Amino acid sequence: VHLQAHTETGSSCGISNRVTQTFGSSPSPSPTPAPTPAPTPAPTPAPTSAPPASDPVLTALNPGTVGSTSTLTVTGVPAGETIRFKYSFNTGVGTISGGVCNGQTLGLNNQKNLGTATADGAGTASINVSISSSVKGVTVHLQAYTETGSSCGISNRITQTIQ
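Below is a summary of the structure that appears in this document.

The rules we used
- Residues numbered from 1 in each chain as written.
- Predicted model: local features only at pLDDT ≥ 70, side-chain atom pairs only at ≥ 80, totals over all residues.
- Heavy atoms only, no water.
- Helix = DSSP H or I, 4+ residues; strand = E, 2+ residues; numbered from the N terminus.
- Buried < 20%, exposed > 50% of the residue type's maximum accessible area, 1.4 Å probe, protein only.
- Areas by Shrake-Rupley, 256 points an atom, 1.4 Å probe, with all protein chains shown as cover.
- Phe/Tyr/Trp six-rings, centres within 6.5 Å; stacked < 30°, edge-to-face > 60°.
- Polar contact = N/O pair within 3.5 Å; in protein donor to acceptor, adjacent residues only side chain to side chain.
- Contact = heavy atoms within 4.5 Å.
- Core = buried A, V, L, I, M, F, W, Y, C linked by side-chain atoms within 4.5 Å.
- Pairing = 2+ DSSP bridges.

Description of the overall build of the chain
Now for step 1: For the chain, the count of helices and strands is 0 helices and 14 strands.
Now for step 2: Taking all 163 residues of the chain together, the buried fraction comes to 28%.
Now for step 3: For the chain, the accessible surface area stands at approximately 10,400 Å², while carbon and sulfur atoms represent 53% of it.

Right, here's the structure in full:
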């Protein structure tokens, strides 16, 4: 059955929408509105990688006197990192070869290895250095570096005259 209504008022006529309905059955359901989508959850942050090497800080040989064992210390490095200690009797430019620091420079000309140490939980690494009496009055230049993940951390350079 098709139903349609209309009205007449004076000189105007109004016609309504045509509705189709079958008697004896329920009206056809209205279209179901689309469900409201759930809000998009915030993205899960990516896991953090190891912190970059910070700026290692090298302190002078302590006590730095001949005939003794002196301590050379670096602070401000990630725990567990290997620190490479270098020395030279001349300043200048020394290029690091290999590893993440490959191509980076130290302020040491003709650098030599002094030793390595692993940083403790507080980010400190130290080595003991025996100082021969033959180097009394000699000026030595010291520097250290560490590699963390894809970062290279190079310390300040220390210039010290052995007492």
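Read on, since the account is not over.
A look at the packing of aromatic side chains
Pairs of aromatic rings are described using the distance from one ring centre to the other and the angle between the two planes.
Now for step 1: In the structure shown here, the tally under the stated rule is 1 aromatic pair.
Now for step 2: Taking the centre distance of 5.7 Å and the plane angle of 80° together, the rings of Y87 and F89 count as edge-to-face.

So, the side chain of Q143
Now for step 1: Mapped onto the elements, Q143 comes out in strand β12 (residues 139-148).
Now for step 2: In this structure the side chain of Q143 is engaged in a polar contact, spanning 2.9 Å, whose partner is the backbone oxygen of S155.
Now for step 3: Sequence-distant contacts of Q143, that is, excluding residues within four places in its chain, are made with L58, R84, F85, K86, L106, G107, L108, I154, S155, N156 and R157.

Brief notes about the nonpolar core
Now for step 1: Residues L58, L61, L72, V74, I83, F85 and L142 are the most contacted members of the largest nonpolar core, which totals 19 residues.
Now for step 2: At the level of elements, β6 (68-75), β7 (82-88), β11 (125-131) and β12 are the ones that each hand at least two residues to this core.
Now for step 3: Per-element accounting of this core gives the leading share, 4 residues, to β11.
Now for step 4: Counting residues in hydrophobic clusters, the runner-up holds 5 residues, among them I96, C101, L108 and Y145.

Here's the deal with the sheet that holds β11
Now for step 1: Across the sheet, 3 strands lie side by side as β5-β6-β11; this open sheet has antiparallel pairing. Among the strands making up the open sheet, the edge pair consists of β5 (57-58) and β11.
Now for step 2: Bridging between β6 and β11 involves 7 bridges; their strand directions are antiparallel. Across the sheet, the residue bridging to T73 is S126, located in β11.

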